[in-house]
Amino acid sequence: MSTPFSVRDELARGAGGHVVSRRGFLAGAGAVAATGLLGGCGSGEAGGARRFRAAFAAGGSQESMDPHVAPNFVDQVRAKAMYDTLATFDDDMSVRARLAESWESDDSGTRWNVRLREARFHDGAPVTAEDVLHTYRRVADPATGSPSQQLMSAVDFGASRAGGQRELTLVLERPDFWFPNALAGVGTEIIPAGTTDFRNPVGSGPFRFGSFRPGGPALFKRWDGHWAGIPEIEELEIVPANEEAARVNALLSGQVHYAADLSGASVNRLKGEKSARLLTAPRATAQQILLSRERDPFSDLRLVEAFQLGIDREALARVALAGHGEPGNDLFGKGLHGYPGDLEPRERDVDRARGLVRDAGADGLEIRLQTSTLDAAWEPAAALIARQLGEIGLKVAPHTLAAATYFSEMKDRRSVAAFNTTSTLPLASFLEQRLRGRAARNMTGFGSAEFDELLDKARTTREEKDRQELMARAQRIARDESGLIVWGFSDANDGVSASVRGLRAAPPNSHDWARFDQVTLG
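Residues numbered from 1 in each chain as written. Predicted model: local features only at pLDDT ≥ 70, side-chain atom pairs only at ≥ 80, totals over all residues. Heavy atoms only, no water.

Asker: Whenever I open this one, the overall build of the protein chain confuses me. Can you help?
Answerer: If you tally the helices and strands in the protein chain, you get 15 helices and 19 strands. Whereas a compact globule of 522 residues would reach a radius of gyration of roughly 24 Å, the protein chain reaches 23 Å, a difference of no more than 12%. Overall, the protein chain is about 70 × 65 × 35 Å in size when its C-alpha atoms are taken along their principal axes. Within the protein chain, residue pairs in contact and separated by at least 24 positions form 72% of the contacts whose partners lie at least 6 positions apart. A total of about 20300 Å² of accessible surface is found on the protein chain, and carbon and sulfur atoms cover 46% of it. Here the protein chain holds 63 positive side-chain charges and 70 negative ones, and the gap between their average locations is 4 Å. (Helix = DSSP H or I, 4+ residues; strand = E, 2+ residues; numbered from the N terminus. Rg over C-alpha atoms; globule rule 2.2 N^0.38 Å. Contact = heavy atoms within 4.5 Å. Areas by Shrake-Rupley, 256 points an atom, 1.4 Å probe, with all protein chains shown as cover. Lys, Arg positive; Asp, Glu negative; His and termini not counted. Charge placed at Lys NZ, Arg CZ, Asp CG, Glu CD.)

This is the structure:
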């Protein structure tokens, strides 16, 4: 589905598990018809070797081919087809090279020397250091609106230099050994120097521009000059289908080869189909509850701990995620690079939780828990949490907000407890952007001088082993004190035609997710 900020905050992946009714099927078919898919696919029909078609939720009339403005998954898919970045993320969010052949910092972590590989844009011009500097200046400009603006804001562009066509030095205003994360960031795709218009865009990715209509389909054509090899398919078409049932029906009817972002009901349906298969990336989305540390009652750390000990994560994963996920441990990023591997699971302890509630003088306290239909797991989770916390003396009242305005309402209403999700992104980025004191995206109001100091030390520490130890210490503080309750991890599911080869399950924001230049059609 389409959401703001796609490295990716507030990602709503369903996990319902209900069987689709005939009425639901027909409604889904109508939604497909609204996208134009039922009107005949021509050369794009599934099974044809010429065109690969992938269905995604669209972003509406505000969509653009500007790769530096990428709020939705579909924007990232188009950018991945047309453009390239200096680096990319493996499944665990560690960084590996892409357009950059290598990078290396000085001892201080303020000067980064980057060497580019030999690559060309679609118009035949080489990708140069000047193109990179132009791109990063644009990304760092707040007026552009790139999700990676903060990552590039520390670059001193007055001191940074191109040292020839394929060499450049990026000078930072402060030491930062996490800087390679910025080279792989969403919204950092390299464009030719001087580019200001994206109506007929030029990139260096595996596909060149064909056509595009905001809110409608986008067509790309194979580019034979790509540095990493020539795609097998001749054309790639990204088609809009906002309703999940529409995407599934288009896949099963052979109109598309790929259906993105599927929830429990669709997952269960595809398991019985021979014409399609699932690509499931486990633990792709952290299911969270945000407890406000700035306001009562969760300004009292005893009640944060009571909430943590009062919920049953095993039951939540089993019921709310319907078997399409696993319990969380109150810490984002399980399985990602830098996640502490020695954490004991946080077990439910009703007696201690009840005692903490009494000690805080909060027995019988009513807490409004904001939820929404935005994610199919949230409402069943809210109902279960209300029952569980009732056993420790808290009266939790789930309150459903409209999906379309959920996050703005959650902020405007100054929620003390609210559901949220975050998809895969580097742990360092998550800690800096979501938990550092006064960070713009810190949604719990958590502030800890010790936590911030550990992050500062980690950023300026050259040795990886020492840096990871500092991060682990910071994460343990956040786990106990931040008010971020990670109660589960839900899977990411996409559907693909049985005739398709070359795709594998990978978490969103990683290199292999939606990597359609590797596709072959049987």
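Asker: Is there a simple way to explain the nonpolar core in this structure?
Answerer: If you look at soluble globular proteins, the nonpolar side chains tend to sit buried side by side. One finds Leu 86, Phe 419 and Trp 487 to be the most contacted residues of the largest nonpolar core, which totals 100 residues. By residue number, the principal contributor to this core is helix α11 (residues 378–390), which donates 7 residues. Counting 32 residues, the second largest nonpolar core, distinct from the first, contains Ala 79, Tyr 258, Val 500 and Leu 521. (Core = buried A, V, L, I, M, F, W, Y, C linked by side-chain atoms within 4.5 Å. Buried < 20%, exposed > 50% of the residue type's maximum accessible area, 1.4 Å probe, protein only.)

Asker: Would you mind showing me how to read the environment of Phe 516 here?
Answerer: The topology assignment puts Phe 516 in the loop between β18 (500–501) and β19 (520–521). Using a relative accessible area of 3% as the deciding quantity, one classes Phe 516 as buried. The sequence separation of Phe 516 and Phe 52 amounts to 464 residues, and the corresponding C-alpha distance is 8.4 Å. Residue contacts for Phe 516: discarding those within four places in its chain leaves Phe 52, Ala 54, Phe 56, Val 77, Phe 207, Ile 233, Leu 236, Ile 238, Tyr 258 and Leu 503.

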